[in-house]
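# Understanding the architecture of this molecule
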Amino acid sequence: MKFQPRASHFIDGEYVEDTNGTAIEVIYPATGEVIARLHSATPAIVEQALNSAKNAQAAWAALSGTERGRILRRASDIMRERNYDLSVLETHDTGKPIQETTVADATSGADALEYFGGLAASLTGEHIPLGGGDFVYTIREALGVCVGIGAWNYPTQIACWKGAPALACGNTMVFKPSETTPLSALKVAEILVEAGAPKGVYNVIQGYGDVGASLVTDPRVAKVSLTGSVPTGRKVYAAAADGMKHVTMELGGKSPMIVFDDADIENAVSGAILGNFYSSGQVCSNGTRVFVQKSIKEAFLKRLSERLDHAKIGDPMDENVSFGPMVSENQMNIALGYIEKGKAEGARLIYGGERIDRDGYFLQPTVFADVTDNMTIAREEIFGPVMSVLDFETEEEVMARANDTEFGLAAGVFTNDLTRAHRIVAGFEAGTCYINTYNLAPVEAPFGGSKMSGVGRENSKLAINHFSEMKTVYVSMNDVEAPY
Ligand code: NDP
């Protein structure tokens, strides 16, 4: 099999296998064919990975930030050099079109390695002068062994968004990808070693939720960073709390995108397309509740349908294809179930709605209009190519409705009224907001959710605070005053 890795796991700088683990079949979503066979980690493999990470951590943290950063930046360069091959692998693992994977996966991972590699040398504490000559200094310290657990939509990106800041701060990592897309994290581990990372600094083990759960509760682990759904987040957060571990939770969403009647319609339609159909809709921050002001609703829907006619659906390895399959049969069936619910609850299907008659898990880009706030498709995360268009009349009304959700990952507004744009964004209950665009996530900017969508932030300088902690040192320059 062309995409069969040398073994299932990467521990202590080497590929490791244990065939006693439950079998994992990796399926190419565009055809349904098995492209690799792996095994889930057994308790012995989990043990080996955690020991390796634990043993490597002190020496890794003892390197200077400059040295750690150099390794990360070298890894970034290697990823960019191999972008095409890594993108082919990612396309086979996820089904996402090569047109997307060449610009949004290994490249995004490389950005994180480069950015945090650059920051590593300047991670410091501070000097705090006090009265009478006393002072405090703080030492920024690594947390220790960090666990990363990934979702299946952006496997390379997630492996790097977690690994790069963790390693920059002097931590080591055990990363568990989703069993649906287990291949590319192994490549990230290989590349880090090739770039000079010592053995054990970045380990990858495969497995289902039970493997993730056993990592989260292990006493050797200081921090858990999860990208996944809200129900999984709840479980992982609770399990981590028992050991008082640090957490970052990047969870799901049902984000609003508001289009006012003064907006540039072409841009708003582009934003709605990007925010609903990129990666076949399998993006956590998608703006799946598109609120369109009533006066422009029909014009918006007409233009949206015209633009969707130009989506090129097909073989994701064809560079002209812009819309690929969903990641798995299961995920496709979940989305189809929501489409049926949308119809049954009275939403007006204006585009798509059907499985495409070909091999693989292809679903048409789907748009419902006349969606109301209480319909299931407007309340629950679908994680597929299903857009809900809702009407609104006034700013006050839409603001309240946009925020009326347990989620708070992202939110966007399209308007040419400058003050209104900022007023709306100030009112959004969401971690990542967009004005006149949607779904961009540069590594320089914090990314993460409010409310049920998450805890903590990835990317940007803020991620450093989530992968390190401060030790405070009080220095007295005076005699000690005691009451007796
Ligand atoms: P899941 O929540 O099902 O799984 C996420 C990861 O957690 C998987 O690796 C999973 O393993 C693992 N896991 C499951 N149960 C446990 C447990 N009890 N303890 C530890 N680990 C566990 O999410 P999906 O993979 O289905 O991904 C889709 C979800 O991810 C969506 O809700 C989406 O919004 C969210 N997401 C959020 C992003 C963000 O940045 N906020 C980005 C991308 C996706 P296994 O797969 O084997 O069950």
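The preceding data block contains the structure.
The present account deals with the structure reproduced in this document.

About the cut-offs
- Residues numbered from 1 in each chain as written.
- Predicted model: local features only at pLDDT ≥ 70, side-chain atom pairs only at ≥ 80, totals over all residues.
- Heavy atoms only, no water.
- Axes fitted to C-alpha atoms, helices over the stretch in contact; angles between N-to-C directions.
- Helix = DSSP H or I, 4+ residues; strand = E, 2+ residues; numbered from the N terminus.
- Parallel < 35°, antiparallel > 145°, perpendicular 65-115°, else oblique.
- Left-handed = near helix turned anticlockwise from the far one by under 90°.
- Contact = heavy atoms within 4.5 Å.
- Nonpolar A, V, L, I, M, F, W, Y, C, P; charged D, E, K, R; others polar.
- Expected span 1.5 Å × (residues − 1).
- Buried < 20%, exposed > 50% of the residue type's maximum accessible area, 1.4 Å probe, protein only.
- Near = heavy atom within 4 Å.
- Areas by Shrake-Rupley, 256 points an atom, 1.4 Å probe, with all protein chains shown as cover.
- Patch = residues over 30% accessible without salt bridge, like charges linked within 9 Å, V, L, I, M, F, W, Y side chains within 5 Å.
- Salt bridge = Lys/Arg side-chain N within 4 Å of Asp/Glu carboxyl O.
- Arc of directions from axis to C-beta.
- Phe/Tyr/Trp six-rings, centres within 6.5 Å; stacked < 30°, edge-to-face > 60°.

Let's shift gears to the packing of helix H2 (residues 65-81) against helix H6 (residues 155-168). Between two packed helices, the angle of one axis relative to the other and the distance separating the axes together describe the packing. With their axes 10 Å apart at the nearest point, H2 and H6 run at an angle of 160° to one another. Looking at the two axes, H2 sits roughly antiparallel to H6. Where H2 crosses over H6, the two elements pack in a sense that is left-handed. Between H2, through Arg68, Leu72 and Met79, and H6, the contact on the second element is made entirely by Thr156, Cys160, Ala164, Leu167 and Ala168. In terms of residue class, the contact of H2 with H6 is made up of six nonpolar, one polar and one charged.

Attention now goes to helix H3 (residues 83-94). With 12 residues, H3 extends 16 Å from end C-alpha to end C-alpha; this agrees with the ideal 16 Å at 1.5 Å per step. Along H3, 10 of the 12 residues are buried, which leaves the element largely enclosed by surrounding structure. Burial in H3 covers these residues: Asn83, Leu86, Ser87, Val88, Leu89, Glu90, Thr91, His92, Asp93 and Thr94. One or two positions beyond H3, positive phi appears at Gly95, with a value near 85°.

Contacts to the ligand come from 28 residues, most closely from Glu179, Ser229, Thr232, Leu251 and Glu381. Computed on the free molecule, the ligand has an accessible area of 900 Å², of which 86% lies beneath the protein chains in the complex. Breaking the shell around the ligand down by element, the ones donating at least two residues are helix H8 (209-216), strand E10 (221-227) and helix H9 (230-242). Grouping the amino acids of the shell around the ligand by side-chain chemistry returns 13 nonpolar, 11 polar and four charged.

Together, Ile128, Leu130 and Tyr474 give the surface a local cluster of nonpolar side chains, amounting to about 260 Å² of exposed area. The topology assignment puts Leu130 in the loop between strand E5 (127-129) and strand E6 (135-142). Its relative accessible area of 34% is what places Leu130 among the partly exposed residues.

So, about H8. Every buried residue belonging to H8 is among Val211, Gly212, Leu215 and Val216, and all of these are buried. Viewed end-on, H8 has its buried residues packed into an arc of 140°, placing them on one side of the element. Those residues of H8 hidden inside the fold are in contact with helix H1 (43-62), strand E7 (145-149), strand E8 (172-176), E10 and H9.

Another point: the packing of aromatic side chains. Any pair of aromatic rings gets described here by the distance separating the centres and the angle formed by the planes. Overall, the coordinates contain seven aromatic pairs when judged by the stated rule. Ring centres of Trp161 and Phe447 lie 5.8 Å apart, and the angle between their planes is 65°; on these two criteria the pair is classed as edge-to-face. Remark: Phe447 occurs in the loop between strand E19 (432-435) and strand E20 (450-451) and Trp161 occurs in helix H6; sequence separation between them is 286 residues. What makes Trp161 buried here is its relative accessible area of 7%.

So, about the packing of H6 against helix H7 (residues 184-194). At a minimum axis separation of 8 Å, H6 and H7 run at an interaxial angle of 35°. Judged by the twist between their axes, the crossing of H6 over H7 is right-handed. Of H7, the residues touching H6 (which contributes Pro155, Thr156, Ala159, Cys160 and Leu167) are Ser184, Ala185, Val188 and Leu192. Taken together, the residues of the contact of H6 with H7 sort by class into seven nonpolar, two polar and no charged.

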